[in-house]
Every structure is written in structure tokens, then in C-alpha cells.
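Take a look at the letters that make up each chain.
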Amino acid sequence: VEMHLLELLKRTTVHGESNSALIIGPRGSGKTALLNHVLRELTEMKQVRENLLEVHLNGLLQTNDKVALKEITRQLHLENVVGDKVFGSFAENLAFLLEALRKGDRTSSCPVLFILDEFDLFVHHKNQTLLYNLFDISQSAQTPVTVIGLTCRQDILELLEKRVKSRFSHRQIYLTNSFDFKQYIRIFKEQLSLPAGFPDESFAQKWNKNVQHLSEDKTVQDMLQNLFHHTKDLRSLNLLLMLAVSNVNVHHPLITASDLHEASKQSRMDSKANIVHGLSVLEICLIIAMKHLNDVYEGEPFNFQMVYNEFQKFIQRKAHCMYNFEKPVVMKAFEHLLQLELVRPIERPSVRAQREYLLMKLLLDNNQIMDALQAYPNCPTDVKQWAASSLSWL
Amino acid sequence: MNTRQQSKVIYSWYGEPLSSDRKLRTSRYKGILITSERSRTETCIQLGNFILVEGENADQPFVAQLLDLYEDGGQQKHAVVQWFSHITEIPPNKRKLLKREVSPQEVFFDQVPGYDTDIAVETIIKSVMVIPLHLGEELPITLNKEQSFYVKQSWDGKCFKALSPDAFSKLKEANKKGGGISNSSNSFIPLDIISPLKKERESVVRSATKPKNVELEIESKHSASKSSLAKERHSQRVANGMRTPTARKKLQLNSPTRSSKGRLLGCEVLELLDDDCDAIVPLEPSANKRKVKFTGILGSPPKMPCANDKSKSMFDTAEHWQTFSDPIRLSPYSKVKDSSKKPKNLNREYDIICSIGHQELGSQSPVSTPRSRRICAQKTSALIAEQVSILNTLELNQEEDFLSSSDSSYSSSSEEEDNDVLCTPEKKTKSSRMLSTPKSSRKSSVHTPAKTLKKTPLPGTPKTPRNATPEIPRRNHEAQKPASILEEARLRLHVSAIPECLPCREEEFQDIYNFVESKLIDGTGGCMYISGVPGTGKTATVHEVIRCLQQAAENDDLPSFQFVEINGMKLTDPHQAYVQILELLTGQKVTATHAAVLLAKLFNTPGPKRKTTVLVVDELDLLWTRKQNVMYNLFDWPTQKHSKLIILAIANTMDLPERIMMNRVASRLGLTRMSFQPYTYKQLQQIISSRLNSMKAFEEDAIQLVSRKVAALSGDARRCLDICRRATEICEFASHKRTPEIVRMAHVTEAIDEMFSSPYINAIRNASLHEQIFLKAILAEFRRAGVEEATVQQVYHQHIALCRIEGMQSPTLSEIMAICSRLGACRLLLVESSNKYLHMRVRLNISQDDVMYALKE
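Computed from a prediction, not measured in an experiment: that's the story for all the values here.

The secondary structure content of chain A amounts to 20 helices and 7 strands. Put simply, chain A has 394 residues, and 52% of those count as buried. Here the analysis covers contacts within chain A between residues at least 6 apart in sequence; of these, 71% occur between residues at least 24 apart. Carbon and sulfur atoms provide 53% of the accessible area of chain A, an area that totals close to 18300 Å².

Following this line, the structure appears as C-alpha cells:
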């Protein structure tokens with residue numbers, strides 16, 4: 001794969017051959033890393049370095065063709081040719097750039113490398129004008145250009161307009177994280193090990209030995225296996241290691257299995273369940289009431305009045321330790337849940353509709369609620385019982 | 001509004017009809033009267049006179065001789081002319097046939113067939129002199145450069161010939177006759193005769209004030225006036241919806257009495273002023289005051305000659321300053337007396353008036369009186385220069401330099417520049433700073449014209465950014481030549497490589513060629529619609545046709561034509577099409593609406609000799625607008641009688657006219673259609689072979705495999721070439737550092753697989769375990785619900801169940817959401833926006849079978 005890209009770019013610069021290619025792969029599969037690596041390798045060759053103009057565009061930054069054209073002009077250092085005039089109208093700008101690129105020919109002009117990061121976003125530009133023109137240049141006898149697109153969308157070709165698609169050379173480089181768990185462990189070791197040039201050699205030795213030890217530890221392996229099963233994205237591994245390594249200090253010089261375990265727990269935490277931990281008992285009660293409503297009506301939306309009635313039932317029949325709150329107080333608690341986005345209205349609140357009767361949906365799963373209740377400190381027993389079964393008062 | 005109406009030009013017949021034709025309902029006339037309403041002047045142009053005719057480009061009016069004048073049944077006034085060609089109108093490759101330098105004043109007797117000699121009378125600008133000379137003769141030197149042309153040779157489109165004695169004598173005759181007639185008639189004085197008079201007058205005027213400037217300014221005016229005349233006229237026409245005269249022209253057409261005033265002595269002028277007071281009252285006070293002001297500044301008693309020519313100049317222009325209103329009415333005599341008595345008081349008065357004057361200058365449209373303002377500006381320039389020379393002689397030199405340069409570069413703008421330049425110092429002196437900062441005042445004056453410039457800028461100024469030629473820097477090292485046979489093959493197989501011939505499109509080529517050729521020969525217009533899926537050689541074939549036609553035109557087998565190409569995809573907006581067409585045709589850069597007007601005029605008015613235009617509109621469907629006015633105009637022009645426009649419209653869909661065009665647009669497009677079928681595998685095979693040109697780089701079977709594969713899929717030649725190119729790479733890579741190999745079946749198969757393989761299966765196989773389980777959970781949920789859509793919550797429950805079966809730790813909901821968004825990002829799943837969280841709906845982007853196949857170990 002790497003050779004393919006390298007050869008492609010080399011031919012562009014050395015022979016002045018126009019090309020286009022897409023690098024496709026899921027997030028964190030190393031698309032940009034691959035491209036940067038190849039570019040670094042290329043620039044080590046003198047002949048290439050002096051013969052290549054690079055234009056880097058990003059779909060998140062160049063949100064329309066006008067901005068993109070300006071950026072291209074700027075990166076090609078063409079704006080000084082025309083003073084401030086180039087940033088005139090969009091039309092002028094396009095005509096100007098096309099003119100500039102048309103002037104060149106294969107043998108004498110400096111090749112231009114266009115790198116379009118987040119390529120899929122360029123597809124949504126009006127008429128795909130920029131892509132059409134770039135690909136058209138790459139397929140005609142003008143200034144040699146190579147267009148490299150980076151995207152994580154597998155269906156990118158279907159998004160291209162038929163004329164644009166015809167002009168694209170259909171070179172696709174697919175990147176996947178195809179390594180297995182053994183390689184993953186090796187990557188883990190590489191990431192954590194200190195390099196050979198580390199100043200404090202004895203510490204580096206000690207550290208690396210510890211890393212080696214860790215990689216053979218059963219709990220660490222289990223933890224890594226778990227992460228590996230969830231995602232092969234290496235960024236999540238880096239994130240985990242970063243959390244663990246940040247525990248290291250003078251008194252705690254070496255990373256331990258428990259550090260890693262702690263970090264893993266932290267990164268796996270369920271965000272919504274965490275919010276539930278911080279709620280008041282009244283709010284928990286409301287959530288439990290909603291849970292029961294969900295069970296009874298099979299996930300149909302509910303409104304505040306229904307929740308309140310359910311809560312009242314519980315208070316009247318069962319609760320001895322629970323104080324019977326006024327309705328406005330319950331309403332306040334309910335609105336707090338709304339703000340935390342644990343509950344979500346299914347339609348926009350209009351002015352006319354009464355707040356009590358707005359239809360809502362609970363954004364928590366039963367499992368999450370039960371898990372959160374287990375961890376909730378000082379939860380009254382009858383609330384717990386009520387949560388387990390709506391019929392517990394019988 | 002008012003000025004526009006005033007500056008209308010009326011074309012009317014001179015004399016009674018000579019003869020009339022009952023059948024054709026035409027009547028011939030012997031002359032035409034061009035009346036400018038505003039200046040109340042008339043010019044008479046008679047048969048045999050030489051005229052300037054509006055060209056497509058405002059800078060270059062055509063030269064012609066008036067042969068016939070007639071009015072047709074529809075009351076349209078027509079003229080029949082004999083054309084003369086400027087050297088610039090002759091194709092560059094033919095110019096070398098002349099083997100001598102040609103002055104811009106020289107024209108050629110035009111015998112090129114195919115130019116329409118029947119023009120609309122409204123396109124005539126004015127009369128000029130065309131003097132026949134023998135081949136060896138030097139051009140006589142005259143002051144009157146813009147008014148006279150010389151003809152030595154004739155040009156018939158192929159070669160230059162010396163004028164036949166017959167033609168020579170006829171031209172000579174025509175010249176004499178033309179001159180004689182205009183001399184004899186008192187009321188109509190030809191331009192070329194009046195202008196020397198005027199010049200004389202001007203020089204008299206100038207000599208009184210400052211002899212230094214005279215030569216310079218007159219000189220520069222000459223060089224500029226011709227082009228500016230046509231241009232002013234052109235731009236005004238466009239602005240005013242045809243026929244407005246220029247201020248310059250009016251002045252040149254001054255009545256004899258007016259021009260003779262130039263020679264009157266100062267006192268006489270004052271008398272005259274008094275006499276004419278009723279007619280031109282509003283202006284006079286200001287004129288007088290201005291004069292007074294200068295004397296006031298100089299602090300010397302009023303100098304009579306200076307004052308006189310000042311007032312006279314103002315008088316000259318008075319007529320054009322009708323909008324000027326001055327509340328103070330003063331008689332010239334009293335004013336002069338006043339000035340000598342109490343200059344101080346007047347100084348203050350001038351302040352007021354000066355400010356009014358400035359406002360006036362600013363508010364006046366350039367159309368109204370550029371000429372008159374210029375005169376006044378020149379006068380003031382002379383005066384100011386005098387003042388400044390006392391203070392700073394160096395400054396003066398710069399001033400002159402600037403004046404001359406700006407004058408010669410662009411007259412209509414320079415007039416305004418002059419004005420600005422000269423107004424600024426005026427202000428400065430007035431505010432008694434006395435040019436303490438000449439540099440800065442200069443600067444501001446240089447900048448202001450940019451704002452006041454309303455006309456199309458001069459194409460010739462190299463400084464303007466519009467003419468900057470953008471270019472990608474050249475490479476530092478030479479591009480390597482292909483070293484091996486595979487590299488050579490790759491080069492030939494690149495889509496950009498231009499093949500020697502276009503195989504498999506011979507029929508289409510011939511059809512298009514015949515269509516364009518016949519229209520070219522007939523000198524008419526027409527449309528052709530070409531359709532076909534991408535990569536079937538539409539654009540390539542059309543370009544080939546154009547190339548062949550150009551070749552033929554060069555060899556003089558066909559009348560020459562202009563080729564213009566636009567591409568809907570390369571326009572940011574459909575209306576930009578007008579801008580591009582106009583720019584490619586004439587080099588003008590204007591806004592879209594203006595360009596539409598100019599183009600409509602260009603194609604709709606009969607007359608001015610024009611080559612046929614061949615317009616290729618690629619990606620036609622992109623020119624669609626809601627009102628479809630762009631398409632409508634494009635296809636309407638060729639139907640006009642005089643348009644000489646051939647349109648080749650290219651698009652992908654065969655039934656585009658029926659699908660997206662309104663009836664009136666589709667009807668204008670006509671029924672001349674051609675559709676390019678996708679290539680068959682045999683054709684593709686032939687294309688590859690012809691490109692390879694008997695180079696032994698591919699196995700025969702390999703080529704056939706590629707062709708069959710592509711033909712089955714799309715018939716896109718580009719795809720075919722790309723696969724072959726990729727196959728050479730694979731081959732090269734496989735046989736690395738071994739004996740060079742030729743491309744075999746295996747390489748081609750690999751390349752095809754690479755390009756057409758579905759990425760999804762591989763993506764699923766390389767996904768993480770939980771991602772795979774999630775997909776399985778989706779499948780299970782779909783099966784359970786019987787609907788191909790599920791919420792995350794439902795899938796989550798399935799996922800947990802699956803995890804229990806596998807005996808794995810079940811993930812939290814946050815992790816499930818992360819998995820879901822990852823799969824959504826690479827579009828294995830289609831997901832809703834994530835703010836719905838649990839209730840976000842999920843769909844598969846691939847078939848369930850594919851997922852099952854991929855997940856099966």
C-alpha cells in the first residue's frame with residue numbers, strides 16, 4: 001500500500017504524470033499518518049523536493065468552493081501575481097485558477113499535489129465544481145496535478161456525480177486495522193517503552209522491563225483484550241495509556257496494572273449512568289416512575305402528569321420515609337432532568353402546550369437505571385424495591 | 001435621465017429617395033444625416049464617403065466605404081459597404097506575407113468573401129478619410145491621425161495584392177467627391193475639416209496661457225481620441241439603450257461661428273458673452289469667478305489675456321454645463337471690474353462657488369461632458385502649472401509627465417484624471433497651504449480615478465491585474481523521459497495524452513464536421529445537441545472537429561471562424577456563461593447582466609463584419625436556471641438572421657431537451673441531435689490498441705479482458721485507460737528488477753479487482769469484535785421486528801443477549817453509542833443525528849446477505 005502511494009507520487013513529480021487517488025479507511029486507521037510518512041520519504045529525495053507544490057485542503061475548513069479556491073490560490077502563492085484582485089468574485093477566482101493551471105504542460109510545469117482531507121465533505125459542495133475541475137485537470141494535458149483524497153466513508157464513490165466519477169481514476173487505497181491481538185500487544189509495548197536515546201539509561205531499562213512485565217500480566221492482557229474487542233482504533237489505546245501514565249510521579253515511578261485498570265474503568269464509564277449518581281432521591285424516584293411507564297406502555301411517550309401520578313401512587317401506598325412533595329416541586333425536579341437531557345421532549349415545546357402534557361421520552365435504558373441504583377449511595381430500600389418491581393407495593 | 005435623452009442621435013435620410021423598388025419595397029438614398037439632438041449638430045454622410053463602423057470591440061471600429069443606402073420594407077435603414085481591414089483583423093499567420101511593417105493607420109482593401117456587407121445604419125459612427133497610396137509611397141505625416149487612413153494593398157483572405165488601377169482611381173475619386181460635397185454645403189462640415197480649425201483655436205488659446213503645454217497636450221489627445229471615441233459611444237449606447245452621441249463628437253461638430261470665436265480677441269469675447277448672456281446665463285458667473293479667483297491668488301491685478309481665454313473656454317463649454325445652477329447672477333463686465341476692485345471679497349465668494357463646482361464635477365456623469373470638462377481642466381492645469389512652477393519647478397515636471405502619460409494611455413479616464421489631478425491642487429492653493437505636500441496630493445489624485453472609472457478599462461495597460469498572466473512556477477528539473485516500454489505505454493494510455501486519431505467515432509466526427517462546415521460556408525447559424533454518457537468521447541470528438549476545421553480555414557478551404565468554448569461545470573453560476581463568452585470573443589470583462597446585453601447586441605444587430613462564431617457549450621445541463629433564460633438566449637441567438645453563430649451543446653442525457661427545457665427553449669435548440677453510444681468492447685479494444693500504436697506492452701487477451709469488463713459495466717473509455725495504466729504499474733511492480741515483462745491477464749485481473757471490488761466486506765471483516773457483534777445484533781433485531789430499521793436501544797438489548805451467549809462482558813451504552821457512530825462514519829450503517837441517543841434509528845447501508853457473508857468465518 002505504502003509502495004503504491006509512494007510510486008504514484010514519485011511518478012507525478014519525476015515524470016509529470018497526473019493522477020488521482022482516494023485513501024479510504026475508518027477513523028484511526030492511519031490515513032493521514034500514511035500520507036505524511038510517504039510525503040516525508042518523498043521530500044528526502046532532492047529531485048522531488050524541488051519539483052513539488054503541495055496544497056492541503058480540509059473539508060472541515062474549506063466549507064465551500066469559494067473558500068477552497070482562495071486557499072488554493074494562497075498556497076500556490078499566486079495571489080502576489082495579481083495583487084489583491086484575485087480575491088474578487090468567486091467566478092473570477094475560478095477562472096483565474098483554471099487559467100493558471102491550463103497554462104502549464106506536462107514537461108515544463110511544476111507538478112501540484114492536492115491533498116483533500118475529509119474528502120467526503122467536498123462532495124457536498126455545489127455541483128462538485130471543485131472536484132470536477134481538479135479531476136478534469138488531472139485527466140487533461142495541463143499542469144500535472146495529483147489529487148489525493150482522504151476519507152473514512154466507504155461509499156464515497158457513490159457520492160461522486162457521474163461526470164466527476166468518470167474523471168476520477170478509481171485508484172482506491174483501502175486501509176483497515178487488520179492486526180490481531182498479538183500485534184496489538186506489541187503495539188502496546190512499543191507505545192509505552194522508552195526510546196533507546198533516553199538520558200537516564202538505568203531508569204529506561206527499569207521502565208522497559210516493567211512494560212514487558214505488564215504486557216505479560218493476565219489482568220492487563222484481559223483489559224487490553226477488552227479494549228481490543230471494542231475498538232481497533234489505536235487512538236483509544238493511546239488515550240488509555242495517557243490516563244495511566246499521568247499517574248506516574250516521583251514517588252510512584254513505575255506504571256502498575258492497577259493504574260491501567262483504573263484508567264480502563266474510567267474510559268469505559270457510562271456517561272448517562274454517571275449523571276444519575278448525582279441526582280436527588282426525588283429525581284431518582286421520577287426516573288423510576290418513568291421506567292415503569294415505559295414497561296407498561298412499551299416505550300410509548302409519556303408526559304409529566306403521568307409520571308406524577310405514578311409517583312403519587314408509590315408515595316401513597318408504600319413510602320414511609322419519603323416526604324410527599326408539592327406538585328410544583330416535583331415539576332422543578334422533572335425540569336432538571338429535562339435540562340440534564342435524561343428526558344427529551346419528542347416535539348418542540350410550543351407556547352400553547354401546557355408543560356405538564358408535553359410528550360417525553362426517557363433517554364435511559366432499564367439496565368442503566370438499575371446499575372446506577374446499585375451504585376447510588378444511601379438509597380432508601382423501598383425506592384430500591386420499587387425500582388425492581390412496580391408491583392412491589394402489593 | 002435628462003442628459004441621456006438630450007444626447008440622442010437620430011439617423012435620417014438625406015434628400016429624397018433616388019429610386020425605389022416596388023417588389024422588394026426598398027428605396028435607395030444618396031446620403032444619411034446623423035443628427036445629435038443635444039449639440040444640435042448634423043453630419044451628412046453620402047454615398048462614397050468613408051466611415052467608421054462600430055465593431056464588436058469598442059476599441060476597434062471598422063473602416064468601410066459607403067456604397068449604398070436603402071430602406072427596406074420594415075422601415076429599417078440599411079447600408080451597403082465596402083470593408084477595409086486593419087492589420088489586426090488579418091490572421092497573424094498571414095501577416096508575414098506582407099514582409100513589411102504596417103502602420104496602424106494603414107488599412108487594406110477588403111475582398112474577403114463571406115463578410116456581410118449589409119449593415120444597419122445605426123452602427124455608423126462617423127466619416128473618415130481613406131487615401132489611396134501606391135505601394136512604394138511613404139505615409140504622409142498629418143496631424144490628423146485618427147481621421148485618416150491609407151490604403152495601399154488589397155486583401156482577399158489569402159494574399160495581399162496591390163490595388164488595381166481601377167480601384168485606386170475609384171478611391172481617389174470618392175475621396176475628392178466626399179471632400180467636395182462637404183465643402184460646398186455650408187451647413188454640413190465634415191469632421192476632418194473642422195478639427196484642424198479647432199486645433200488651431202486651441203493652440204491659440206494655449207499660447208496665451210502657456211506655450212509649453214500646448215504641443216504635448218494636443219499630441220496626446222490625437223493618439224487617444226480615436227479609440228476613445230468609439231469606446232465612449234459604445235459604452236453610452238449600451239448604457240442608454242443605443243444611440244447617444246459623445247460629448248467629444250458634439251464639440252468637433254461645432255458650428256463654424258462657434259469655432260471661429262476661438263480667434264476672437266478677449267474683449268470681443270466679453271462682448272459676445274454679454275450678447276449671448278440670455279442663452280447661457282447660468283454658467284457665466286462661475287466662469288468669471290473662476291478667472292477672478294486665479295488673479296486673486298496670484299495677488300496681482302487681473303491679467304486680461306488669461307482671464308479672457310478662461311472665460312472663453314468656459315463659454316465654449318457653457319452649453320454643456322446646463323445643469324450647473326448658480327444663485328448669483330452677475331454680468332461679465334461687472335464681474336471683471338469687481339475683481340480688480342476687491343479681490344479679497346471675491347476670494348471668499350469663490351470659495352462657495354468652487355465648492356459648488358466640485359460638487360458639480362463629482363455629480364456629473366462622465367457621459368455628459370467629458371470633453372468640456374477636459375478643456376476646463378487643461379486650462380486650469382496650465383494656470384496651476386504656472387503657479388506651481390514658481391514654487392517648485394521639479395513638481396511641474398512631474399505634473400507634466402503625469403499628464404502626458406495618463407493622457408496617452410486612456411483618454412476618457414484621463415480626462416477625469418486630469419480633472420482630479422488639477423482639482424486637488426486647486427483646493428490646496430485655495431486653502432492657502434500652497435502645495436506644501438505635493439506628493440500626497442499627487443497620490444490621492446492618482447487613486448481617485450479608480451473610483452470614477454466607469455467605462456471598461458483599457459485592455460492595453462499592463463499594470464491592471466486583469467491582464468496578469470497567472471502561471472504555475474516551472475519545475476526545476478526536467479521531467480524524466482519514459483525509460484522502459486511500460487512507462488512509455490503508461491504515458492500513451494494516460495487520458496490526457498492526445499491520440500493521433502480518434503478511432504471508433506468516425507461517423508459522429510463526420511456528422512458534426514459536415515454540420516459545422518455547411519453552416520460556415522453558408523454563413524448562417526445553427527444548433528446541435530450532442531449527448532452521451534461520460535467517457536464516450538463527446539468533447540474529444542468536437543475538439544477534433546474544431547481542430548480540423550481550423551486547419552481547413554488556415555488552408556483557405558473554409559471561411560475562417562472564431563472558436564469559443566465554455567463548460568457548465570467550470571462556471572460558478574449559469575449567468576457567468578455570458579461573461580466567459582464575451583471575454584473569449586472580445587476580451588472585455590464585464591458583469592453578467594452587462595455581458596448579456598452586449599452579446600445580444602453583438603448577435604442580433606445586422607452588419608458589422610464578423611467571422612462566424614463556433615460556440616461549444618459543454619455540460620449544458622449545468623446552465624439550467626429556473627427561468628432558463630441563459631439557455632433560451634444561447635439557443636435564440638443562432639436563430640437570428642445575422643448572428644452567424646453555431647452552437648454545439650454537449651450533455652449527458654439524451655432527452656435533456658424534453659426533460660428539463662421549457663418548450664420554447666427546446667424548440668430553439670432544434671432537432672439536430674446526435675447521441676454517442678457507449679463504446680462496445682471491440683471499440684474499446686481498438687482504442688487501446690491505437691493508443692499503444694503497435695507497442696508490445698500488452699497481451700492481446702489482456703486488452704480484450706479489460707475491454708469486455710469495462711464495456712459490460714459502463715463503456716467509459718476513461719475507465720478502460722485507467723485500468724490499463726494501473727495494470728502496467730502492477731506489472732512493473734511484480735517484475736521488479738527482473739527482465740521487463742509485458743502486461744498479462746493476471747495483472748489486468750488484479751487491477752480490475754482493485755478498482756471494482758466492494759470495500760464493505762473487507763471493512764466488516766477487519767472491524768473489531770464488538771462492532772461485528774453489533775452488526776449481528778442489528779440483523780437479529782431486524783429479523784425479530786420484521787422491519788429493516790431499529791433504534792439503538794433495541795439493538796443494544798440484542799447486543800447484550802449476544803454477549804451473554806458468547807460469555808463476554810457486555811458493553812455499556814456509551815460504548816455501544818461509540819461503536820454505532822464509528823460504523824456510521826464509514827457508512828456501513830446509516831444513522832440519525834446522535835442527539836436522539838437511545839432512540840436514534842439505525843439502518844444497514846449494505847444488504848443483510850453481505851453482512852452475513854462477511855461475518856461468516
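Tallying secondary structure elements over chain B gives 33 helices and 21 strands in all. Looking at chain B as a whole, 54% of its 857 residues qualify as buried. Sequence-distant contacts, at least 24 apart, represent 70% of the contacts inside chain B between residues at least 6 apart. Per element, the accessible surface of chain B, about 37900 Å² overall, is 54% carbon and sulfur.

The first and last C-alpha atoms of helix α14 (residues 257–268) of chain A sit 16 Å apart over 12 residues, in line with the 16 Å expected at 1.5 Å per residue. Burial in α14 of chain A covers these residues: D259, L260, A263, S264 and R268 of chain A. The buried residues of α14 of chain A occupy one face: seen down the axis, they fall within an arc of 155°. Buried positions along α14 of chain A lie against α10 (181–192), α11 (201–216), α12 (218–230) and α13 (234–245) of chain A together with α32 (813–825) of chain B.

All names here are of chain B. Scored by pLDDT, chain B has a mean of 69; 60% of the residues are at 70 or more. Mean pLDDT across the elements of chain B ranges from a minimum in helix α16 (residues 438–452), with 38, to a maximum in helix α30 (residues 769–785), with 93. Under a pLDDT of 50 for its full length, residues 1–6 has, in the predicted model, 9 contacts with residues more than four places off or in other chains. Scored as a whole, the predicted complex attains pTM 0.70, and scored at its interfaces, ipTM 0.91.

Glancing now at the interface of chain A and chain B. Contacts between chain A and chain B engage 89 residues on the former and 78 residues on the latter. Carbon and sulfur atoms make up 51% of the surface buried where chain A meets chain B, a total of about 7400 Å² over both sides. Joining chain A to chain B, the criterion identifies 9 salt bridges. Among the ionic pairs, R268 of chain A bridges to E815 of chain B, the shortest N-O distance being 2.8 Å. Viewed at the interface, chain B and chain A are joined by 37 residue pairs in polar contact (both at pLDDT 80 or more). Here the side of chain A that touches chain B takes 10 residues from helix α5 (residues 90–103) of chain A, the largest share from any one element.

A separate point is the pairing of strand β12 (residues 148–155) of chain B. Residue and element names in this part refer to chain B. Here β12 lies mainly inside the structure; 8 of its 8 residues are buried. By the bridge criterion, 4 bridges tie strand β9 (residues 106–110) to β12 in an arrangement that is parallel. Its bridge partner being in β12, V107 is matched across the sheet by V151. As judged from the 4 bridges shared by strand β11 (residues 124–132) and β12, these two strands associate in the parallel manner.

Residues and elements named next belong to chain A. Structurally, N247 is set in the loop between α13 and α14. The exposure class assigned to N247 is partly exposed, which follows from its relative accessible area of 35%. For the pair N247 and L260, spaced 13 residues apart in the sequence, the C-alpha separation amounts to 9.6 Å.

Further remarks concern the sheet that holds strand β21 (residues 841–844) of chain B. Residues and elements named next belong to chain B. With antiparallel pairing, 3 strands are arranged side by side in an open sheet as β19-β21-β20. Here the strands that pair on one side only, and so sit at the sheet edges, are β19 (790–791) and β20 (829–831). Note: β20 against β21, 3 bridges, orientation antiparallel. From the neighbouring strand, L830 faces β21, where its bridge partner is R843.

All names here are of chain A. Ranked by size, the top nonpolar core spans 38 residues in total, and within it F119 and L131 carry the most contacts. Here F119 is in contact with L22, L131, F135, G149, L150, T151, I156 and L160, once residues within four sequence places are set aside. The next biggest cluster of nonpolar side chains, apart from the first, holds 37 residues, and it includes A289, F304, F311 and M331.

Our focus in this paragraph is helix α28 (residues 745–756) of chain B. Here α28 of chain B spans 16 Å end to end across 12 residues, near enough to the 16 Å set by a 1.5 Å rise per residue. Turning to α28 of chain B, its buried residues are H747, V748, A751, I752 and M755 of chain B. With its buried residues spanning 130° around the axis, α28 of chain B presents them on a single face. The inward-facing, buried residues of α28 of chain B contact β5 (172–174) of chain A together with α26 (700–713) and α27 (717–734) of chain B.

What follows concerns the pairing of strand β2 (residues 53–58) of chain A. Residue and element names in this part refer to chain A. Burial along β2 is one-sided: L53, V55 and L57 are buried, and none of E54, H56 and N58, which face the opposite way, are. Strand direction decides the pairing type here: β2 and strand β3 (residues 112–117), joined by 6 bridges, are parallel. If you follow N58 over to β3, its bridge partner there is D117.

Residue and element names in this part refer to chain B. On inspection of all chains with the given rule, the structure shows 40 salt bridges over all chains. The salt bridge partner of R673 is E658, with a shortest N-O separation of 3.0 Å. Taken together, the residues R673 in strand β18 (residues 673–676) and E658 in helix α23 (residues 656–660) connect sequence positions 15 residues apart. Relative accessible area serves as the criterion here: at 51%, E658 is assigned to the exposed category. The salt bridge involving R784 is made with E781; its shortest N-O contact spans 2.7 Å. You can see R784 and its partner E781 sitting in helix α30, 3 residues apart, about one turn around the helix.

Turning our attention to the packing of α30 of chain B against helix α33 (residues 848–855) of chain B. Residue and element names in this part refer to chain B. Remark: α30 packs on α33, axes separated minimally by 11 Å, with the N-to-C direction vectors making an angle of 140°. Judged by the inter-axis angle, α30 sits oblique to α33. In the crossing of α30 with α33, the sense of the turn from one axis to the other is left-handed. Listed contacts from α33 to Q772, L775, K776, L779, F782 and R783 of α30 are Q848, V851, M852 and L855. Considering only residue class, the contact of α30 with α33 consists of 6 nonpolar, 2 polar and 2 charged.

Turning our eyes to something else, we now look at the sheet that holds strand β16 (residues 612–618) of chain B. Residues and elements named next belong to chain B. Here we have 5 strands laid out as an open sheet, ordered β15-β16-β17-β14-β18, and parallel in their pairing. Here the strands that pair on one side only, and so sit at the sheet edges, are β15 (561–567) and β18. Ignoring strand direction, the axes of neighbouring strands in this sheet form an average angle of 15°. As paired strands, β16 and strand β17 (residues 645–651) are joined by 5 bridges and run parallel to one another. Its bridge partner lying in β17, L615 is registered against I647. Against the sheet, helix α18 (residues 506–522) contacts β14 (526–532), β15, β16, β17 and β18, and its axis sits at roughly 155° relative to β17.

How each quantity is defined
Throughout, residues of each chain are indexed from 1 in the direction in which the sequence is written. Naming scheme: in the order in which they are written, chains are lettered from A and ligands are numbered from 1. Per-residue local features of the predicted model are confined to residues with pLDDT of at least 70, and side-chain atom pairs are confined, for both listing and counting, to 80 or more; whole-chain, interface and lining totals are unaffected and use all residues. To get the side-chain values, take all heavy atoms of the structure and skip hydrogens and water. Comment: elements are numbered from the N terminus, with helices defined as DSSP H or I runs of at least four residues and strands as E runs of at least two. Accessible area is worked out with a 1.4 Å probe on protein chains only. A residue is then buried under 20% of its type maximum, exposed over 50%, and partly exposed in between. Two residues qualify as a contact provided that any one of their heavy atoms is within 4.5 Å of a heavy atom in the partner residue. All accessible-area figures derive from a Shrake-Rupley calculation using a 1.4 Å probe, and residue coverage is judged against the displayed protein chains alone. Expected helix span is given by 1.5 Å per residue-to-residue step, counting one fewer step than there are residues. Regarding the arc, it is the one traced by the directions from the helix axis to the C-beta atoms. pLDDT is a per-residue confidence score from the predictor, ranging from 0 to 100. Reported buried area values correspond to the accessible surface (1.4 Å probe) lost by two parts on association, with both partners' losses combined. By definition here, a salt bridge exists when the distance from a side-chain nitrogen of Lys or Arg to a carboxyl oxygen of Asp or Glu is within 4 Å. Distance and chemistry together define a polar contact, namely a pair of N or O atoms within 3.5 Å, with one atom able to donate a hydrogen and the other to accept it when in protein, and with adjacent residues in sequence counting only for side-chain atoms on both sides. Two strands form a pair only when DSSP identifies at least two bridges running between them. Joining through side-chain atoms within 4.5 Å is the link that ties buried Ala, Val, Leu, Ile, Met, Phe, Trp, Tyr and Cys residues into a set, and such a set is a nonpolar core. Interaxial angle, 0 to 180 degrees, is taken between N-to-C directions of lines fitted to C-alpha atoms, where a helix line uses only the stretch in contact. Angular relationships are summarised with four words: roughly parallel below 35 degrees, roughly antiparallel beyond 145, roughly perpendicular across 65 to 115, and oblique for the angles in between. By definition, any crossing whose near helix is turned counterclockwise from its far helix by less than a right angle is left-handed, and any crossing with a clockwise turn is right-handed. Polar here means any residue outside two lists: the nonpolar Ala, Val, Leu, Ile, Met, Phe, Trp, Tyr, Cys and Pro, and the charged Asp, Glu, Lys and Arg; Gly therefore counts as polar.

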